[in-house]
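Summary of structural features
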Amino acid sequence: MELFKLEFGLVFWMFVAFLCLFFLLSKFAWPAIIKAIEDRGELIDKGVAYAQEAKSQLDNAKTEADKLVAEARSQQNDILREAAKMRNQIIENARGEAQVEARKVFDAAQLSIEQARRESEEQLRREVSEIALQIAEKVLRSHISDDKAQQELVKKYLNEVETKN
């Protein structure tokens, strides 16, 4: 049990060594350690504050992004509505122009048909009159082949002319 026996001299020098070590640590090491711990605490506090600020900025950015997306969708809908309106207007204009153009073509065709009909009628009249004259000439030549019949016909026409005047 001699190992557990305390000697006063040993305890005294251990106590002196402890006080010296405590004095040195309290003078030089503890202030540096406390300063490092305080710096680390401040750094952590700054990091937390920065993280909170970043989180609030992220929340603000998300809110703003949502607003921008909603605004973009609204603008997209407006643009699509305007495009549909323009498309319908273009279609209606094209229909109107096509109807006008079709009416012009139809009127021109009717005019052309009417003109062709008149020309055909005129040509038919000319041909009928030529044929009638040819038939009349042939009939007259066959009936009035002698001079006496011709003279009677001339006298008859002259009498008709004189009575009219």
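Predicted, not measured: the structure shown is a model, and the values here were computed from it.

So, how was this worked out
Here the residue index of a chain counts from 1 through its sequence in written order. Totals for whole chains, interfaces and linings use all residues, but because this is a predicted model, local features are given only for residues with pLDDT of at least 70 and pairs of side-chain atoms are given and counted only at 80 or more. Each side-chain value is worked out from all heavy atoms of the structure, with water and hydrogens disregarded. Going along the chain from the N terminus, every DSSP run of H or I of four or more residues is numbered as a helix, and every run of E of two or more is numbered as a strand. Here the globule rule is a power law, 2.2 Å times the number of residues to the power 0.38, and the radius of gyration is based on C-alpha atoms. Whether a residue is buried, partly exposed or exposed follows from its accessible area with a 1.4 Å probe, protein chains only, as a fraction of its type maximum: under 20%, in between, or over 50%, in that order. Note on areas: these come from Shrake-Rupley sampling with a 1.4 Å probe, and a residue is covered only by the protein chains present in the view. Residues forming no salt bridge and having over 30% relative accessible area are the ones grouped into patches, like charges within 9 Å of each other and nonpolar side chains (Val, Leu, Ile, Met, Phe, Trp, Tyr) within 5 Å. Criterion for a salt bridge: a side-chain nitrogen of Lys or Arg within 4 Å of a carboxyl oxygen of Asp or Glu.

1. So, the overall build of the protein chain
The helix and strand inventory of the protein chain stands at 2 helices and 0 strands. Against the 2.2 N^0.38 benchmark of 15 Å for 165 residues, the protein chain shows a C-alpha radius of gyration of 65 Å, more extended than a compact globule. Referenced to the eigenvectors of the C-alpha coordinate spread, the extents of the protein chain come out at roughly 195 × 40 × 25 Å. Taken across its 165 residues, the protein chain has 1% of its residues classed as buried. Here the protein chain displays about 15,800 Å² of accessible surface, and carbon together with sulfur accounts for 62% of that area.

2. Remarks on a nonpolar patch on the surface
Residues Leu21, Leu25, Trp30, Ile33, Ile34 and Ile37 make up a contiguous nonpolar surface patch of about 560 Å² in total accessible area. Residue placement: isoleucine 34 occurs in helix 1 (residues 8–143).

3. Side note on the pattern of salt bridges
Across all of its chains, the model carries 8 salt bridges by this definition. A salt bridge links arginine 103 to aspartate 107, with the nearest nitrogen and oxygen atoms 3.5 Å apart. On the criterion of helical spacing, the pair formed by arginine 103 and aspartate 107 is a turn pair, its members being 4 residues apart in helix 1. Residue arginine 103 is classed as partly exposed on the basis of its relative accessible area, which comes to 48%. Residues glutamate 121 and arginine 117 are paired through a salt bridge, measuring 2.4 Å at the closest nitrogen-oxygen approach. Taken together, the residues span about one helical turn, with glutamate 121 and arginine 117 both in helix 1 at a distance of 4 residues. Judged by its relative accessible area of 37%, arginine 117 falls in the partly exposed class. Ionic contacts of the salt-bridge type, sharing partners, join the residues Glu114, Arg117, Arg118 and Glu121 into one network.

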